[in-house]
Every structure is written in C-alpha cells, then in structure tokens.
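Coordinates in review
Letter by letter, the chains look like this.
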Amino acid sequence: MDTGAWLPYVQSYGYVMLLLFLFCGIVGIPAPEESLLFFVGVVIAKNQLLLWPTLVSCWGGTMAGMVAAYGAGRRWGSPLVQKYGKYVGITDERWERSRDWFCRYGKWGILFGCYVPGVRQICPYMAGVSRFPFRTFLLLAMLGTAGWVVPLTLVGLLLGQHIHIPLISFPLAGLGLFLLFLLATWIGQRRRKKSVES
C-alpha cells in the first residue's frame, strides 16, 4: 500500500480514513494492516500526520472491527456453520473441537492474535460464536489492539526519523509475513494429515 493508494484519502477526509482501513482489515476485507501501521509511523516522522490522532484513529478502527466481528459471530456464526460447514469440511466433531479449544485458549488469541495475520480476523468471530463473555472480550481486545497498534506505529516513527526507508518495503514485508503464515498453516495441515493416516 503506497502513498498514492491511501495518503490522498487521509489528506482529503482526515483520520477517519485510517479508522476505516483498519476496520476493513479486521473484519476480513483484504488490507495490509502491519504495513499500514509501519507506514503511518514513517509519515508521522515526515510531519504529514499527527501522532495522537493517528494512534486514536488506528486503535479505534481496529477495535470497531473486533467488536463488529464478535457481533457477527454471535448473531450469525453458529447457524451458518451448522448449515454450510459440511461443504467446506467443517464436521460437527471439528466444530465442537474448535469451540472447546477457543473456550480454553481463546483469551490468549484475543490478547496476542493481532500479531498473526488471519488469527486477528478469526479470533473475534470465534469469540462471538463461542459466546465468550463480552466484557472480558472487550477488555482483552482493548489491551491486545493497543499492544499491536502503538508499538508498530512507534517503530515506523522511530525508523522514519533516523533512516531513509523505501516505502515499498512495508507492503512487501506485510505480504512476506502473510505468505509465511500460509506456508506454516499448510505444513501444519500436512503433518496432521500424515499423523492421522499413520
């Protein structure tokens, strides 16, 4: 995501656009969120954005996405999975195992899942589907999103102050991390399949 893709929108419509970009990324509409957070830090260092409004906008968009995904999962998730899950390989047994896993370890996914592409989109949805207590979810999501938005933005800010960084490197880094995540997921599935067959 280069300057030409989003900075004109921020300049025209203000920090609301940052909020919308992060919201879309969390609810599952493709957006390189890590790249964006690094990049806005660099742009802050170049005095084209202000630090606190940027942090509030990015955190607010991420939180809005988390709450929206939770609400969608709580309202529609379970009926949709029960009706259509068999078409994508989600059996009743797998579904119950996933829900049990989330009941045990889901709080850690909510708290630290923002750092893993895919997990940050799935965790709030699964929290809603699993009827995870909303107050606990909200507290963990507030802490987890702050612990993701603030450090990544500040790293971009610090690097932007001291090093000339090619802006193209951030989208490529985000894409690289996403591809590594997909590769690790594929390898894990292959290993599980082999262990079941043996």
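Rules used throughout
Residues numbered from 1 in each chain as written. Predicted model: local features only at pLDDT ≥ 70, side-chain atom pairs only at ≥ 80, totals over all residues. Heavy atoms only, no water. Helix = DSSP H or I, 4+ residues; strand = E, 2+ residues; numbered from the N terminus. Buried < 20%, exposed > 50% of the residue type's maximum accessible area, 1.4 Å probe, protein only. Contact = heavy atoms within 4.5 Å. Areas by Shrake-Rupley, 256 points an atom, 1.4 Å probe, with all protein chains shown as cover. Axes fitted to C-alpha atoms, helices over the stretch in contact; angles between N-to-C directions. Parallel < 35°, antiparallel > 145°, perpendicular 65-115°, else oblique. Left-handed = near helix turned anticlockwise from the far one by under 90°. UniProt positions renumbered as here; feature names shortened; annotations may be inferred. Expected span 1.5 Å × (residues − 1). Core = buried A, V, L, I, M, F, W, Y, C linked by side-chain atoms within 4.5 Å.

Another point: the overall build of the chain. When helices and strands are tallied, the chain shows eight helices and zero strands. Ordered by position in the sequence, the α and β elements of the chain form the string α-α-α-α-α-α-α-α. Buried positions account for 38% of the 198 residues belonging to the chain. Excluding contacts between residues fewer than 6 apart, the proportion of contacts in the chain whose partners are at least 24 apart in sequence is 80%. Accessible area of the chain: about 11700 Å², with a carbon and sulfur share of 67%.

So, about the packing of helix H2 (residues 16-27) against helix H3 (residues 33-45). Two numbers describe how H2 lies on H3: the axes approach to 10 Å, and their chain directions differ by 155 degrees. With respect to H3, the element H2 is oriented roughly antiparallel. As for how H2 packs across H3, the hand of that crossing is left-handed. Where H2 abuts H3, its residues Leu 18, Phe 21, Leu 22, Gly 25 and Ile 26 lie against Glu 33, Leu 36, Leu 37 and Val 40.

Moving on, we come to the UniProt feature "transmembrane region" (unreviewed entry) in the chain. Those residues carrying the UniProt feature "transmembrane region" (unreviewed entry) are residues 12-31, 51-73, 136-159 and 165-188 in this numbering. With 100% helix and 0% strand, the stretch residues 51-73 has end C-alpha atoms that lie 33 Å from each other. Along residues 136-159 one finds 100% helix and 0% strand; the C-alpha atoms at either end are 35 Å apart.

With 13 residues, H3 extends 19 Å between its outermost C-alpha atoms, agreeing within 8% with the 18 Å of an ideal straight helix rising 1.5 Å per residue. Most of H3 sits inside the fold, with 12 of its 13 residues counted as buried. When H3 is considered as a whole, its buried residues turn out to be Glu 33, Glu 34, Ser 35, Leu 36, Leu 37, Phe 39, Val 40, Gly 41, Val 42, Val 43, Ile 44 and Ala 45. Looking at the residues trailing H3, positive phi occurs at Asn 47, about 60 degrees.

Attention shifts here to H2. Look at H2: 17 Å from first C-alpha to last across 12 residues, which is about the 16 Å you get at 1.5 Å a residue. Turning to H2, its buried residues are Met 17, Leu 18, Phe 21, Leu 22, Gly 25 and Ile 26. Trailing H2 by a residue or two, Gly 28 shows a phi angle of about 115 degrees, which is positive.

Residues Leu 37, Cys 58 and Trp 148 are the most contacted members of the largest nonpolar core, which totals 19 residues. At the level of elements, H2, H3, helix H4 (51-84) and helix H7 (134-162) are the ones that each hand at least two residues to this core. Ranked by the residues each element gives to this core, the list is headed by H3, at seven residues. By size, the runner-up hydrophobic cluster in this structure holds 14 residues, among which are Met 63, Tyr 70, Ala 127 and Phe 137.

Time to look at the environment of Val 42. Residue placement: Val 42 occurs in helix H3. For the pair Val 42 and Gly 156, spaced 114 residues apart in sequence, the C-alpha separation works out to 4.9 Å.

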